[in-house]
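# Summary of the model geometry
Chain by chain, the residues:
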Amino acid sequence: MSTRTFCAVLAAGLFAAASASAQAQQPAASTTNATSPPPAAGIADSASSAYILGRDDVIEVGLLGRQDFNGRTRVQADGTIQLPLIGKVPVADRTTAEVSEAVRKALVSGGFFADPVVTVEVVGYASRYVTVLGSIGSPGLIPINRPYRLSEILARVGGVRDTAADYLLVRSANGEERKYPIHELSTGGDAQDPFVRAGDKIFAPLAETFYVSGKVNSPGQLTLTGDTTVRTAIARAGGLAESGSDKKVTVSRGGKKTKVDLDSKVEPGDVIEIGERLF
């Protein structure tokens, strides 16, 4: 193959690669709604396609094949960044794909480039996070650089402590509060393990307790989980002692003694007393 032919083939290959890269950078039309997150291609690259920029985030903007345009910049308080040639660009509340397209259009309309390939990458996350508090392994602020489900956030903070209740409370930025049983995060559908949103506060309360006393093998204080009944409470207290009778069960609730059956639901603060059977 002659040198002229080789150069022509090489140039054609580089042009095709650049065209494919430019097409991959074009943002897709949004089809998301308020109850679902923006679509992401995968965990590795979802930050570049689904993350919504905000104040103090740091991004790196560049042009494919141009080193003189590359640079890092922080999103300012007014939601803009400053770039060479085109000046201020509004980026707050936009995805990186949307910012890439906005920069490309500004460069084209300004007559600087005919069809540039703009790259935008988040290198510092500061504006979007959830707050995790309560009886948690490692409470704190968790940045959300991609769509995270509640179970994923729980895993990132080390799960709940032994003293925690069997549910989580999630309060959104608008004040709405929702309750999610922990066991349903892995066994339920998407509705039981929703995506969290920036500004959410996730709280793991301490478990409520009750007491079992009298003729059981292991009397004492127990945590209240799910729909605990008197029957399951006795079982969790080690079962009936040799002299115990499940026919003589009373519950002290709110300072008053109440006779209950074995399928009655236990309430927080109940004191369940197991009486002695008659020989």
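Anything mentioned here points back to the structure above.
On a predicted model such as this, the values are computed, not experimentally measured, just so you know. (Residues numbered from 1 in each chain as written. Predicted model: local features only at pLDDT ≥ 70, side-chain atom pairs only at ≥ 80, totals over all residues. Heavy atoms only, no water.)

### Observations concerning the packing of aromatic side chains
The final tally for this structure, using the stated rule, is 0 aromatic pairs. For the cation-ring pair, R149 lies above F195, with the distance from its terminal atom to the ring centre recorded as 4.0 Å. Sitting above the plane of the Y167 ring, K179 keeps its charged end 4.1 Å from the centroid. (Phe/Tyr/Trp six-rings, centres within 6.5 Å; stacked < 30°, edge-to-face > 60°. Lys NZ or Arg CZ within 6 Å of the ring centre and 35° of its normal.)

### Description of the sheet that holds strand 11 (residues 209–214)
Taken together, 5 strands build an open sheet; the order of strands is 12-11-15-13-14 and the sheet is mixed. Edge positions in the sheet fall to strand 12 (220–223) and strand 14 (256–259), since each of these pairs with one other strand and no more. The average angle at which neighbouring strand axes cross in this sheet is 30°, direction not considered. Sheet topology places strand 13 (residues 244–253) next to strand 14; 4 bridges connect them, and they run antiparallel. Opposite S252, over in strand 14, you have K257 as the bridge partner. (Pairing = 2+ DSSP bridges. Helix = DSSP H or I, 4+ residues; strand = E, 2+ residues; numbered from the N terminus. Axes fitted to C-alpha atoms, helices over the stretch in contact; angles between N-to-C directions.)

### Quick word on the pattern of salt bridges
With the rule as written, the count across this model stands at 12 salt bridges. The partner of D115 in a salt bridge is R104, with the nearest N and O atoms 3.3 Å apart. With D115 in the loop between helix 3 (96–109) and strand 5 (118–124) and R104 in helix 3, this pair connects stretches of sequence that are 11 residues apart. Across the pair R149 and D190 runs a salt bridge, and its minimum N-O distance is 3.4 Å. On the criterion of sequence distance, the pair formed by R149 in the loop between strand 7 (140–143) and helix 4 (150–156) and D190 in the loop between helix 5 (183–187) and strand 10 (201–204) is long-range, its members being 41 residues apart. Of the residues examined, D190 reaches a relative accessible area of 54% and is grouped as exposed. The network of salt bridges with common partners includes E101, R104 and D115. (Salt bridge = Lys/Arg side-chain N within 4 Å of Asp/Glu carboxyl O. Buried < 20%, exposed > 50% of the residue type's maximum accessible area, 1.4 Å probe, protein only.)

### Quick look at helix 3
A rise of 1.5 Å per residue sets the reference length of helix 3, with its 14 residues, at 20 Å; its end C-alpha atoms lie 20 Å apart and thus fit the reference within 8%. Turning to helix 3, its buried residues number three or more, namely T96, V99, S100, E101, V103, R104 and L107. (Expected span 1.5 Å × (residues − 1).)

### Focus on the pairing of strand 9 (residues 177–181)
Sheet analysis places strand 8 (residues 167–171) next to strand 9, joined by 5 bridges and oriented antiparallel. Bridging across to strand 9, L169 finds its partner in K179.

### Considering the nonpolar core
Residues V61, I81, L83 and V103 are the most contacted members of the largest nonpolar core, which totals 18 residues. The set of elements that each furnish at least two residues to this core consists of strand 1 (58–63), strand 3 (80–83), helix 3 and strand 5. Beyond its immediate sequence surroundings of up to four residues, V61 is in contact with F69, N70, G71, I81, L83, V118, T119 and V120. Counting residues in hydrophobic clusters, the runner-up holds 17 residues, among them I144, I153, L168 and Y180. (Core = buried A, V, L, I, M, F, W, Y, C linked by side-chain atoms within 4.5 Å. Contact = heavy atoms within 4.5 Å.)

### Looking at the sheet that holds strand 2 (residues 66–74)
Strands sit in the order 2-1-5 across an open sheet of 3 strands; the sheet is antiparallel. Looking at which strands have only one partner, the edges of the open sheet turn out to be strand 2 and strand 5. Taken over all neighbouring pairs, the strand axes of this sheet differ in orientation by 20° on average, direction set aside. Pairing of strand 1 with strand 2, which is carried by 5 bridges, proceeds in the antiparallel orientation. Within strand 2, the position partnered with E60 by the bridge is R72.

Treat this as a map of the structure, not an account of what it does.
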